[in-house]
Amino acid sequence: MNILLLWFHKLGSPPTFYRLAGLLLPWCYGIGLVLGLVALYGGLVLAPRDYQQGDAYRIIFVHVPTAWMSLFAYAFMAANAFIALVWHIKLSEILAIASAPIGAAFTLIALVTGALWGKPMWGTWWTWDARLTSELVLLFLYLGVIGLNAAIEDRRQAARAAGFLALVGIVNLPIVHFSVNWWNTLHQGSTVRLMGPSKIDAAMVWPLLLMALATHIWFFGSVLMRARIALLQLEGGKDWVRRVALDEGAGND
Amino acid sequence: MTPGSTPAACAALLRRDLTLVWRRRGDAFNPLLFALIVVALFPLALGPEPEQLRRIAAGIVFVALLLAGLLALDTLFRSDYEDGSLEQLVLSPHPLSLLLACKIGVHWLTTALPLIVLAPLLGELLHLPGEVRGVLVVALLLATPLLSLIGAVCVALTVGMHRSGMLLALLVLPLYVPILIFGAGACNAAQAGLPSLAPLLWLAAALVLALVLAPLACAAALRISIS
Amino acid sequence: MPVFDETHARPALLEARALAFARNDEPIFGPLDFTLSAGEVVLMEGDNGAGKTTLLRVLSGLLAPTSGEIRLHGEPLTLARLSPQVVLLSHQGGLKLELTALENLRFAAGLVGQRKGMSPPSALTAVGLDGYGDVPVRQLSAGQKKRVALARVLLAPVALWLLDEPYANLDRSGIELVNRLLERHAHDGGAALITSHGAYAYTSGAPRRIALHDAQRAAMTLPTGAMA
């Protein structure tokens, strides 16, 4: 237990994290990119055509993993916000705030690909489908966190306030989802269920799961990248940042 | 030295806030006027056909009241923050969440309750069927305290900012989605001749939860943003 | 375990150790060490921007210090332990302009209680505002508003006063009034920490002075033996 705490403490110290994140970063981006490309090849080339939707369904290899990521990133953000608020750990504040724009980007991609998919399927770019509506509310929640963080001068206070909002949001998110589902059944009608009970080919499954893995790894790479930059900004006056600046400046010469 | 008791502190706060509202009673009409104007805009935009208006009346009234409540939210802590009395509340030896609950209560009583009284009239302007009127009022009685409580948490987060209006809307409105869905949904269900009890009960359950949790969250948020 | 101040053989009312505050990595004040014992008035002097107001907010528990610690009666300070013992006079004053002076004081008394033998009207008399009780604060002058705010401080049943610029806006008799109130409070076993940017001096008595010069190097000009 003590060793674990010590390990956390050491990992949480900004210089250690900065160095470690710098080591992990290329691997995250590299592996994420390679896995993503393999998954895309599997999804766009190897997987068979859907007997109902033709080739149009292939957008799920982007749409579904990003939609999962939009939720995962929010959960990651809220978990870090919780740690930051309860134990006042600076690194968790940074990680929470760093994951907000990335999660928002995944949400946006999920919404746009959903709309692109909707055009051939439903004949319209947008339909007030329960999932799409929930996803839209999720995007607003992300934007609220980002906006609140940007509006407060003091960086740490901003992170705490935005993190608090993220926590309020995660309490609200299941309620939103539930209420939107209820609303959707009340106003049922034109919507088509996207992921019906139709049997799904194994050749479709592995690219989907691989893509989900790739987006996770890419997400962590992006979070580490943003967190590193935020750390440098937050701790600009500290000695270790000066050393980093000197080292990296020397390396570039 | 005689420290005050918590009930006395709550009573003092209630009396002060009610007195303040009374001294600025002209301001109390603003949300009412706003809701009235917003409702009046819809027939102008959509045309005066009673059939069409009747279909969407409940939803419009709900949205108009929600927006009026949103505008009124800004006043919840603003003057207390500016004149420094919010610090006194935080530094008082009583549970901050309880004091904030009193403030939210007064705010609801003086901004939301008049809007609820106005709601049947607004419904009449949009030809809302008479049998829906009761459901609308009940739904509003359950929904508006929820709006005030959840809104207060977001106001607490933005209290130190100079111009927080747009940001506050961005923070609050996504959180209002379920309340709007169940509140307006109950009215729509009643209008369609369907049972409307279930969404009302969901609202009531959420209200009970929010009554307990929102003041605590509000106090925590205020402590963050006052620092 | 409480740490005892050697000179008094009991823990100081308030003790700061290596107390520092920074915003966005820019130091606002500190590191700062000082003690404040019962029966003492400490004057915190510093130019504009030296961090006096921030220091008071940190000491009142509204802001968490970036580093260092504050001890209250020898134990770590928390808002819950501090709040029954402290009153903060910030530069906003904490008065409602729409309410009368008496209504403001009655609210304050309801919120935190009132000192034994004192009531809102008698507090108003003590600050020289007899007869102004029913005047809305909006109609009072800046100096009179300050006096109402001081009446609120006087009324609070607490030992520790944290006063931010109590002399600001006051005329000569007002400054003397503040000094008189501080002396009596110290005499009754209370303690006060007041800030000033130096234009108004604490004339009577011999308060300890702490100079809050520069955020990087806050020096203490403290005649250690003088207050024993």
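Residues numbered from 1 in each chain as written. Chains lettered and ligands numbered in written order. Predicted model: local features only at pLDDT ≥ 70, side-chain atom pairs only at ≥ 80, totals over all residues.

A. Broad picture of the overall build of chain A. Helices and strands together make up the secondary structure of chain A, namely eight helices and zero strands. Sequence-ordered secondary structure for chain A, helices as α and strands as β, is α-α-α-α-α-α-α-α. Considering chain A as a whole, with its 253 residues, one finds that 39% of them fall into the buried category. Long-range pairs, those at least 24 residues apart, make up 80% of the contacts in chain A with a sequence separation of at least 6. (Helix = DSSP H or I, 4+ residues; strand = E, 2+ residues; numbered from the N terminus. Buried ≥ 20, exposed ≤ 12 C-beta atoms within 10 Å, placed from the backbone. Contact = placed C-beta atoms within 7 Å.)

B. Broad picture of the interface of chain B and chain A. Taken together, the contact between chain B and chain A spans 21 residues of the former and 22 residues of the latter. When residues of the side of chain B that touches chain A are traced back to their parent elements, those giving at least two are helix 7 (130-157), helix 8 (165-191) and helix 9 (197-226) of chain B.

C. Geometry of the interface of chain C and chain B. Tallying the contact residues gives 26 residues for chain C and 25 residues for chain B. Taken together, the elements giving at least two residues each to the side of chain C that touches chain B come down to strand 6 (86-89), helix 3 (101-112) and strand 7 (113-114) of chain C. Of the residues forming the side of chain C that touches chain B, the biggest block, five residues, is contributed by helix 3 of chain C. In the side of chain C that touches chain B, the residues fall into 12 nonpolar, nine polar and five charged. (Nonpolar A, V, L, I, M, F, W, Y, C, P; charged D, E, K, R; others polar.)

D. Region of interest: the environment of I150(B). All names here are of chain B. By secondary structure assignment, the location of I150 is in helix 7. Classification of I150 by C-beta neighbours within 10 Å gives buried; the count is 25. It is 9.1 Å that separates the C-alpha atoms of I150 and A217, two residues lying 67 residues apart in sequence. Excluding its chain neighbours within four sequence positions, the residues that come into contact with I150 are L175, A210 and A214.

E. How the structure looks around helix 5 (residues 142-155) of chain C. Residues and elements named next belong to chain C. The end-to-end C-alpha distance of helix 5, which contains 14 residues, comes to 20 Å, matching closely the 20 Å that a straight helix rising 1.5 Å per residue would cover. Along helix 5, 11 of the 14 residues are buried, which leaves the element largely enclosed by surrounding structure. Buried within helix 5 are the following residues: Q144, K146, R147, V148, A149, L150, A151, R152, V153, L154 and L155. Residues of helix 5 that are buried in the fold lie against strand 6, helix 3, strand 7, helix 4 (120-126), strand 8 (160-163) and helix 6 (172-187). (Expected span 1.5 Å × (residues − 1).)

F. Quick look at the sheet that holds strand 4 (residues 67-72) of chain C. Residues and elements named next belong to chain C. Taken together, four strands build an open sheet; the order of strands is 2-1-4-5 and the sheet is antiparallel. Whereas interior strands pair on both sides, the edge strands pair on one side only; in this sheet they are strand 2 (26-36) and strand 5 (75-76). Helix 1 (residues 52-59) rests against strand 1 (14-23), strand 2 and strand 4 of the sheet, and its axis sits at about 120 degrees to strand 1. (Pairing = 2+ DSSP bridges. Axes fitted to C-alpha atoms, helices over the stretch in contact; angles between N-to-C directions.)

G. The arrangement of unusual backbone geometry in detail. Located in the positive-phi region is H127(B), a residue other than glycine, with phi close to 60 degrees. Mapped onto the fold, H127(B) is located in the loop between helix 6 (96-125) and helix 7. A positive phi is found at E165(C), a non-glycine position, where the angle reads about 50 degrees. Mapped onto the fold, E165(C) is located in the loop between strand 8 and helix 6.

H. Region of interest: the nonpolar core. Counting 213 residues, the largest nonpolar core has V61(B), A139(B) and V153(B) as its most contacted members. The contact partners of V61(B), leaving out residues within four places of it in the chain, are V39(B), A119(B), L122(B), G123(B), L126(B) and L136(B). (Core = buried A, V, L, I, M, F, W, Y, C linked by C-beta atoms within 7 Å.)

I. Representation of the confidence of the model for chain A. For chain A, mean pLDDT is 86; residues scoring 70 or higher make up 91% of the total. Contacts of residues 189-194 of chain A to residues separated by more than four positions or lying in other chains number five contacts, the stretch itself having pLDDT below 50. (pLDDT = per-residue confidence, 0-100.)

J. Local environment of the pairing of strand 4 of chain C. Residue and element names in this part refer to chain C. Relative to strand 4, strand 1 runs antiparallel, the two sharing five bridges. Pairing of A20 across the sheet is with S67, part of strand 4. Bridge count between strand 4 and strand 5: two bridges; the pairing is antiparallel. Bridge pairing in strand 5 links L72 to E75.

K. Representation of the sheet that holds strand 10 (residues 208-211) of chain C in the model. Residues and elements named next belong to chain C. On the basis of which strands lie adjacent, the open sheet formed by five strands has the order 6-8-9-3-10 and parallel pairing. Edge positions in the open sheet fall to strand 6 and strand 10, since each of these has one partner strand only. Neighbouring strand axes in the sheet, compared pairwise and without regard to direction, differ in orientation by 15 degrees on average. Bridge analysis of strand 6 against strand 8 gives four bridges, and the strand direction is parallel. Residue pairing in the sheet places V86 in a bridge with L160 of strand 8. Strand contacts of helix 1: strand 3 (41-45), strand 6, strand 8 and strand 9 (191-196), with the helix running at about 155 degrees to strand 9, the strand carrying the most contacts.

L. Quick look at helix 2 (residues 14-46) of chain A. All names here are of chain A. Between its first and last C-alpha atoms helix 2 spans 45 Å; for 33 residues at 1.5 Å apiece the expected length is 48 Å, and the two agree. Of all the bends found along helix 2, the most pronounced is centred on L24 and spans about 30 degrees, while P26, a proline, follows it within four residues. F17, C28, G32, G36, A39 and G43 are the residues of helix 2 that are buried. (Bend = angle between axes of the 7 residues up to and from the residue.)

M. Expanded view of the packing of helix 4 (residues 90-122) of chain A against helix 5 (residues 130-151) of chain A. Residues and elements named next belong to chain A. Look at helix 4 against helix 5: their axes get within 9 Å of each other, and the N-to-C directions meet at 150 degrees. With respect to helix 5, the element helix 4 is oriented roughly antiparallel. Seen from above, helix 4 lies across helix 5 with left-handed handedness. Note on element contacts: helix 5 touches helix 4 through L132, E135, L136, L138, L139, Y142, L143, V145, I146 and N149, opposite I97, A100, P101, G103, A104, T107, L108, A110, L111 and G114. Its residues assigned to classes, the contact of helix 4 with helix 5 shows 15 nonpolar, four polar and one charged. (Parallel < 35°, antiparallel > 145°, perpendicular 65-115°, else oblique. Left-handed = near helix turned anticlockwise from the far one by under 90°.)

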